[in-house]
Amino acid sequence: VSAIAFLYVTGSIGSNSSTSQPTSELVLQISECFYDLLNEPLVDPAFQAVQTCSMMYSMDVVWASMEQAEESTKHTLFNQVVSDVEGWASNSGEYAYVALAALALAVDDDPQLWSFITKIQNTILGGSDNYLFASEDAMVLCVGMVAAKLSRTADARVSDLIDFIQLSLSDNSKACFGAFFGMGLMVKNLASRSELSGSNPSKVWRRRTIQRLLGIFMTEFDACLSESNSTVRELVDCLKMGESSDDLLCMCEEIDLSILVGVDQKFKSILIGLAHTFFALSAINVKLMKCVACTLIKLPWGSGKGFIMHNAYKACLDAEMFQQEDLSNAILDCTDVLRKAIADGSDMICSDALFALASLCSLSTANVQTETSLVVETIQKVLSDVSFGNDCKSISALAGCAIVGQVPGLTSFTPLAHQLVKKEVSLSVVKVLNETASNDSEELKCRDSATIGLGVLCAMKSSIRRVRKNRLVFEKTKQIDRGVDIEAIIQARDGSVLESILHEIQALLRMKSQHSHEDAAATNNKLSVLFSSLELIAMPGSFSRVIEMALSTTSRNDAEVKTSSVSLLVSQLKSRRRIGFDGRGFVDLSTRLAKMPYQELTDLIGIGSLPIITKAIPDLLNQLPTSVCEGVLKNLWTLSQDEIIRNSSISSTEAFLLGLKKIMLDAVKNDPGSKQTISPAVLRALQKATIGYIFSDLCKNASPSNP
């Protein structure tokens, strides 16, 4: 089991190394982990999911390493890696073929690599005849991963592969993890490459294939119930058609379900696979998605429903099928169930509710510090108390990961830390998992689970660095090399003042990347003046790339350019737009800036520019979906409070409150001629935030304490 943790660690080191690690060395390190996997099989579907994603994660890193190679050597290198991984079979058995399938899934759709991918696919698909697999589950998992790869290009072979997978589901006594996880991967890949709406044959095929897979999921779900349920059967029919009946939602909200004895492992496998389908279903029919979510939420605690809660609520919140109040009620319910389960000594319910609560806390815009503390305290209690069983302790270790970020295999396919997770929470989880993993008096299963948790946390930490590194605003070298062709973005009238300004900006940006520091002051001064002159002109959204380049190529000390860049960005959020100009680029850049951690943000835009962004809240929120508004609002407020703590400055807080005041006053005026477009749902969220965490933080950070 330690091999799983090491795969995450090795992958995180390989993906974030300051120097480019040779692909051959990376493959060699990973191969040693695969040798150990064969001797440490897992039977719990949750840990099988984490294990499978550790292999996928490692192959993602291998592919990323190959992408950095010279174009002339990339294909030779890829062929060598495929040959090396095939060679693992003598020591790693069927896991070598899981690695091959994961590699095929990691590779992009470069036509020049298709012959190698076809070779991998043929090897795996012929595996049942050539006795390459020791277990049917591993073979079906690989078939599912191959089908997921083929799904990206709407390959007709996918239908036959689904038939093959469906035949493997007939035995309720088997967990069938590979089949359900593979189906979840297929749904994700079917929905990831393009929108699903429209009459294009490819889109129609994608929709129908997703509907078919969801129908299989829910048919197997019904087969695991103590009695076949008429509501579930109707839901299956609706999923196959892609349409919801009038009374289906009410039926799903009132449904009463119980699970057949002896199908626990298979049922958890179904739920884990289903957890990855909500966002695809949302793109097909949001009402159907809500019906599925409500059905699963009504499952009894202890069934494994904790694994689906995060994705079900997130998808419904994003689609505005649920509101934050619904999430708050769910968190409250999880809290009550968890406390009662601990008091009653019910391990299965305790671990289920604990994972659900840990994963839901990250979705809330309210202050969930009490619930977060309860999660951490419960994990400490469960892992240190001998009265709890090993299964409960194992899931508790994963709950520790869930409070910090996305758990690979359960809430996502890749490890990713939550942006707003508190450092002290992460450190507390690391501390308790480390103590458990190194405690020789603990049962081996418990120590292994804690070790896997530490590996996942390591990959989460790595994901933060990788995301920051890959953000466009930090890709300085690439931006300098390719530059930004302003003429391609906007064409001004010949001889106009605007044409002169744009030509000068283009020249100055080139100078910033080429000239020595001695020229920097004059260049920055000119650029600032020119940016200021554009604030009253509605620019196309693609001009945001120019602002990004100016920010990322300007040193932290050049506050003038940073301030003028941010001022220009904010000015473009105003409602005035020219016909034919789409301002989404400015909204997207502003949203990405608002989601950055304080230190990285101030390094990029300068300390003095944060109030400019926070004051622009009315213009920014006007143009965002309701589900995004709440998160952006909380992020900006957190940045304002960080400024108080770090720099003893209340400028951003004052600007934030002024922006909030403007929104509230505009709403109260209720002027029919007003351009106010903020929805009632957002206004309710703002009011709730004001009397909730905003007021609480003001009392704590902004108000002087009594002597």
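Below or above, wherever it landed, is the structure these notes cover. (Residues numbered from 1 in each chain as written. Predicted model: local features only at pLDDT ≥ 70, side-chain atom pairs only at ≥ 80, totals over all residues. Heavy atoms only, no water.)

### Some words on the environment of Phe307
- With respect to the helices, strands and loops of the structure, Phe307 is situated in helix H18 (residues 306-318).
- Note: C-alpha distance between Phe307 and Leu274 (33 residues apart in sequence) is 9.5 Å.
- With sequence-adjacent residues up to four places away left out, Phe307 is seen in contact with Ala46, Ile272, Ala275, Asp352, Phe355, Ile395 and Leu410. (Helix = DSSP H or I, 4+ residues; strand = E, 2+ residues; numbered from the N terminus. Contact = heavy atoms within 4.5 Å.)

### Notes on the nonpolar core
- Counting residues in hydrophobic clusters, the biggest one holds 171 residues, and the most contacted among them are Phe78, Phe181 and Phe221.
- It is helix H3 (residues 45-67) that contributes the most residues to this core, 13 residues altogether.
- Those residues in contact with Phe78, other than ones at most four positions away along the chain, are Trp63, Met66, Leu103, Val107, Leu113, Phe116 and Ile117.
- With 55 residues, the next largest nonpolar core counts Leu498, Leu636, Ile663 and Ile694 among its residues. (Core = buried A, V, L, I, M, F, W, Y, C linked by side-chain atoms within 4.5 Å. Buried < 20%, exposed > 50% of the residue type's maximum accessible area, 1.4 Å probe, protein only.)

### A few points about the side chain of Ser640
- With respect to the element layout, Ser640 can be found in helix H35 (residues 626-647).
- Dropping the residues within four chain positions of it, Ser640 is found in contact with Thr614, Ser652, Thr653 and Phe656.

### Some words on the pattern of salt bridges
- For the structure on display, the rule yields 13 salt bridges.
- The residue Lys266 makes a salt bridge to Glu220 at a minimum N-O spacing of 3.1 Å. Placement of Lys266 in helix H15 (residues 264-274) and of Glu220 in helix H12 (residues 201-223) is noted, with a sequence separation of 46 residues between them.
- If you follow the salt bridges from partner to partner, you end up with Glu548, Asp588 and Arg592 in one network. (Salt bridge = Lys/Arg side-chain N within 4 Å of Asp/Glu carboxyl O.)

### Here we look at the packing of aromatic side chains
- Considering all chains together, one arrives at eight aromatic pairs under this definition.
- Centre to centre, the rings of Phe181 and Phe413 are 5.5 Å apart; their planes meet at 90 degrees, and the pair counts as edge-to-face. Taken together, the residues Phe181 in helix H11 (residues 177-192) and Phe413 in the loop between strand S1 (405-406) and strand S2 (416-417) connect sequence positions 232 residues apart. The same class applies to Phe181 and to Phe413, which are both buried.
- What links up through ring pairs into an aromatic cluster is the set Phe177, Phe181 and Phe413.
- The residue whose ring lies beneath Lys305 is Trp301, and the NZ or CZ to ring-centre distance is 4.2 Å. (Phe/Tyr/Trp six-rings, centres within 6.5 Å; stacked < 30°, edge-to-face > 60°. Lys NZ or Arg CZ within 6 Å of the ring centre and 35° of its normal.)

Just distances and angles here, no functional claims.
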